[in-house]
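This is what each chain is made of:
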Amino acid sequence: MIKPIVPPATIGIVGGGQLGRMLAQSAKQMGYTVGVLDPTPDAPAAQVADFQIQSDYADMDALLALAKRSDVLTYEFENVDLAALKHAQTYAALPQGTHLLALTRDRLAEKTFLREQGVPTANFAAVPEAGAVVTAIHTVGVPAILKTTTGGYDGHGQVDVNTSADVAAAQALAAKGPCILEERVAFARELSVMVTRDGHDVVRVFPVVENRHQDHILHTTIAPAPDLPAHVRQQITQLATTIATALNLRGVLGIEMFATATGIVVNELAPRPHNSGHYSIEACNFSQFDAHILSICGLPIPPIQQLTPAVMRNLLGADLTAARAAWPQHPEWHFHDYGKAEIRPQRKLGHLTVCGAAVETLLHQVQLEGEN
Ligand code: AMP
């Protein structure tokens, strides 16, 4: 239990992107004061916050300035400077701590932790340097994927290892820094679940959702995952509870999984609200952003209920322009525009959520002109 932090206390968010924006929107609705640290002028989160400290995340003085003005600190992405964050705890509470962040930004530490908890993962082997690639391939087998242990996201920092012709490319990646070789899982679909632990240490698990990717980037989330057998749903809820309890979790954690013919394999943890949880804003009694704020502020969270099925789709790059133009024809859309100044290809600029009973209809409703 932590002492509850109630409005008008100040929540400082490190990072001012869309996750920070939606966290700030939840916090503002509850009456908190919100500050944001982000280098971009008028960052998405800063547009809805009380103040922005405009500086780089790696700027220790700026982080400390945010901490001094905050009662509680949180972050919206993994790559925050750990030493700076530890130091910032002198001035403001950091209920999530730094252990979770250290764990989830290192794929090897993360998978090792999951394995220790009895959570199924793909087979993997450490590749600390280029010379370890061949031994790791013998351990894991092919097909496999070599990933940098830190810094990779959305398919960046990854090399497919299928044949001996791929070894040189793998060694080149491993020469740049420590890597992990993972078995390529033949999955039927990708699933995820959000979990949190409230101010009374009660674990709350969101519904399991199905995610569809394009070019390694999340494109569509179907909530709840259609046709998920009850025993698989229970297994995932149990895994999420095990992980949240082992971590003494505060805030929301996203768990990405593969569903195979034989079961569930956990791929990755995200120590924050997750893109695949955006549907919860409209479809659940409490959204993932509400849950994150309540958890870090030490407040209770009731059981999470999904009130209606929903589909969320990301608006990447030019999708946003097309969706803005099409919106007048779509009264069913919950239209989210993150207010980013620059439209760049593949950049997450907004999302759409639609709610209703028939998933096929929902999937159709979020299609933009020319898509099928
Ligand atoms: P990650 O960078 O680990 O989040 O992976 C991004 C995407 O790559 C995942 O959503 C999967 O579609 C794919 N992927 C990553 N790891 C594996 C794996 N071990 N087996 C099969 N596909 C994977």
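As the structure is a prediction and not an experimental result, all values here were calculated from the model. (Residues numbered from 1 in each chain as written. Predicted model: local features only at pLDDT ≥ 70, side-chain atom pairs only at ≥ 80, totals over all residues. Heavy atoms only, no water.)

Novice: Outline the sheet that holds strand β1 (residues 10-14), listing residues and values.
Specialist: Spatial strand order, β3-β2-β1-β4: four strands in an open sheet with parallel pairing. Both outer strands of the open sheet, β3 (51-53) and β4 (72-75), are each paired with one neighbouring strand and no more. Neighbouring strand axes in the sheet, compared pairwise and without regard to direction, differ in orientation by 25 degrees on average. (Pairing = 2+ DSSP bridges. Helix = DSSP H or I, 4+ residues; strand = E, 2+ residues; numbered from the N terminus. Axes fitted to C-alpha atoms, helices over the stretch in contact; angles between N-to-C directions.)

Novice: Account for the pairing of strand β2 (residues 33-37), naming residues and giving values.
Specialist: Here β2 lies mainly inside the structure; four of its five residues are buried. Bridging between β1 and β2 involves five bridges; their strand directions are parallel. Within β2, the residue paired with G12 across the bridge is G35. Here β2 pairs with β3 via three bridges, running parallel. Following the sheet pairing, V36 is matched in β3 by Q52. (Buried < 20%, exposed > 50% of the residue type's maximum accessible area, 1.4 Å probe, protein only.)

Novice: Can you lay out the site of the ligand for me, pointing to particular residues and giving the numbers?
Specialist: The ligand sits among 17 residues. The nearest are K147, Q158, V185, E190 and E268. Between the ligand and Q158 there is a distance of 2.7 Å, counted from an oxygen atom to a side-chain nitrogen or oxygen. Protein chains bury 94% of the 470 Å² of accessible surface belonging to the ligand in isolation. Elements with a minimum of two residues in the shell around the ligand: β6 (144-148), β8 (179-183), β13 (252-259) and β14 (264-270). The residue inventory of the shell around the ligand, partitioned by class, reads four nonpolar, five polar and eight charged. Among the domains, domain 2 (123-183) and domain 3 (187-365) are the pair contributing at least three residues each to the shell around the ligand. (Near = heavy atom within 4 Å. Polar contact = N/O pair within 3.5 Å; in protein donor to acceptor, adjacent residues only side chain to side chain. Areas by Shrake-Rupley, 256 points an atom, 1.4 Å probe, with all protein chains shown as cover. Nonpolar A, V, L, I, M, F, W, Y, C, P; charged D, E, K, R; others polar. Domains from an automatic or database assignment.)

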